[in-house]
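# An overview of the molecular structure
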Amino acid sequence: MTGQGKTSAKAGDFSQGRVSLVIMRLGLPMMLAEFVHVLYNIVDRMYIGHMAQGGTLALTGLGICFPLITLIGAFANLYSTGGATLATIARGEQDDRKAERIMGTSFTMLLITGFLLTVILYISAPVTLRWLGGDDETIPAAMDYFRIYVAGTIPVLISLGMNPFISAQGFPKIGMMTILIGAALNIALDPLMIYTLDMGIRGAALATVISQTASAIWVLGFLRSRRAALRLTGLYLDRAELAGIVKLGVTGFTFKVTNSITQAIVNIMLKAWGGPLSTIYVGAMSLINSLREIMSLPNSGIVMGGQSVMSYNYGAKLYGRVSESIRFIFLSGLAINIVMWALVMFIPEPLLRIFTDDGQLIATGIVCARIYFGAFPFMALQQAGQSTFVALNYPRYALFFSLLRKIVLVAPLTLLLPNIGLGVYGVFWAEFVSQVIGATACFTTMYMVIWRHMKAEQRTAE
């Protein structure tokens, strides 16, 4: 690896300036990047859902693929969350060589993992998709999409897993371009491949793979250039650094994996309790997952920018700035989530019509979405708590609260609530209950373990 052992004033120095402005300077490009990333996933669903023939079935088939798509993203989180955080802390400590070792190790593991996932998921897709709730009616569409998508696993992992290293160095606009390039390609290719070339759902998958490959090439091009503060010079594996990366990254990994497990349980329970309308309920959950991605967007950039600022200042022992970062993430997140909640509660139909014109699917989706998102403002508590645990390298707490909300609460409640009188709607109430309990517990623990001590350190310094 190359790099200077000690760094001076440079891009990515987050110890100066008003904390909220520094976070927004980082967060706004990240937010836009996330928006565009979600957009080109959503564009797939929009075109698929509006197909003249079999649009609803294709959308349901895509919903069956969600747990496996989420699982692939989980491995990007495994190496990027821990790697980018530890690299940023190392830069705050003025040690760029260590930061480059961490980045190189993350990249190597993404390649190894991507190859293994491609082989395993491609071979197991027929059995796995049926286990996830597919049937003779929906499996063909799910298979058509997933087997093409999984062939692009390596570029997906590179673009998702290495892009955080660009933003964490203080180049959020370059990181934003990673997503913009892929999105522009996907938006252009979707109608061409789905309609003009008459490839249907297979065309949507192929457009996504081509777009992610272009994004991956952009990421590698920048990280290998002289402009990067940390340079990627080739394959590198430091076992000592890998242990730290995985220990912290397992939080983001677990969050994604538990999402995948929960989505699988949800699909199974919707099939079991939905009766003749089970396909409609699975389709409604697919719409809800799309809405959730949109509603989480405004906070995503703030959280990612805030984590970089917290990590850097924690490494520099500027605890007052860490405390200010926590406060800003929480208050801005709460305000945004209240606005998102109000939109779903009072005008859900226009949001759902983005993805489908099926009247029955929209009517069912409205009822289910109002339950599912009923406690959405509470997620500001979860976001503030979880991001703080990750940014300050508290892996045990971060892991525990990832498991608490999805595995300890959502999964059992999804199995329990339909059986105690709530029927199929119990699946959606499980999310409501978990948001209230899990988010409150996460934030309260973060305050007791970290935030009040940061405030005390700030008062002492003053």
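Given the structure is predicted, the values throughout are model-derived calculations rather than measurements. (Residues numbered from 1 in each chain as written. Predicted model: local features only at pLDDT ≥ 70, side-chain atom pairs only at ≥ 80, totals over all residues. Heavy atoms only, no water.)

### What about the side chain of T178?
Relative to the assigned elements, T178 resides in helix 6 (residues 172–196). On the basis of relative accessibility, which here comes to 0%, the residue T178 falls in the buried class. Polar contacts involving the side chain of T178 include one to the side chain of N163, which spans 2.7 Å. Dropping the residues within four chain positions of it, T178 is found in contact with S159, N163, I166, S215, W218 and V219. (Helix = DSSP H or I, 4+ residues; strand = E, 2+ residues; numbered from the N terminus. Buried < 20%, exposed > 50% of the residue type's maximum accessible area, 1.4 Å probe, protein only. Polar contact = N/O pair within 3.5 Å; in protein donor to acceptor, adjacent residues only side chain to side chain. Contact = heavy atoms within 4.5 Å.)

### Let's talk about unusual backbone geometry
Backbone geometry places K317, a non-glycine residue, at a positive phi of 60°. The topology assignment puts K317 in the loop between helix 9 (278–315) and helix 10 (319–346). Residue class for K317 comes out exposed when judged on its relative accessible area of 59%. Unlike most non-glycine residues, N393 shows phi in positive territory, near 65°. The topology assignment puts N393 in the loop between helix 13 (379–391) and helix 14 (395–416). Note on N393: relative accessible area 35%, which makes it partly exposed.

### Here's the deal with the pattern of salt bridges
A full pass over the atoms with the stated rule returns six salt bridges. Overlapping salt bridges bring together R292, R405, K406 and E431 as one network. (Salt bridge = Lys/Arg side-chain N within 4 Å of Asp/Glu carboxyl O.)

### Brief notes about the confidence of the model for the protein
Per-residue confidence for the protein gives a mean pLDDT of 84, with 92% of residues at or over 70. Per-residue pLDDT, averaged within each element of the protein, yields its smallest value for helix 1 (residues 19–49) (73) and its largest for helix 12 (residues 359–372) (93). (pLDDT = per-residue confidence, 0-100.)

### Notes on helix 3 (residues 96–131)
Remark: the principal bend of helix 3, roughly 70°, maps to A125, with a proline, P126, within the next four residues. Near the N-terminus of helix 3, the side chain that reaches the backbone nitrogen of R97, with its oxygen 3.4 Å away, is that of D95. Among the residues trailing helix 3, G133 stands out with phi positive, at a value near 115°. (Bend = angle between axes of the 7 residues up to and from the residue.)

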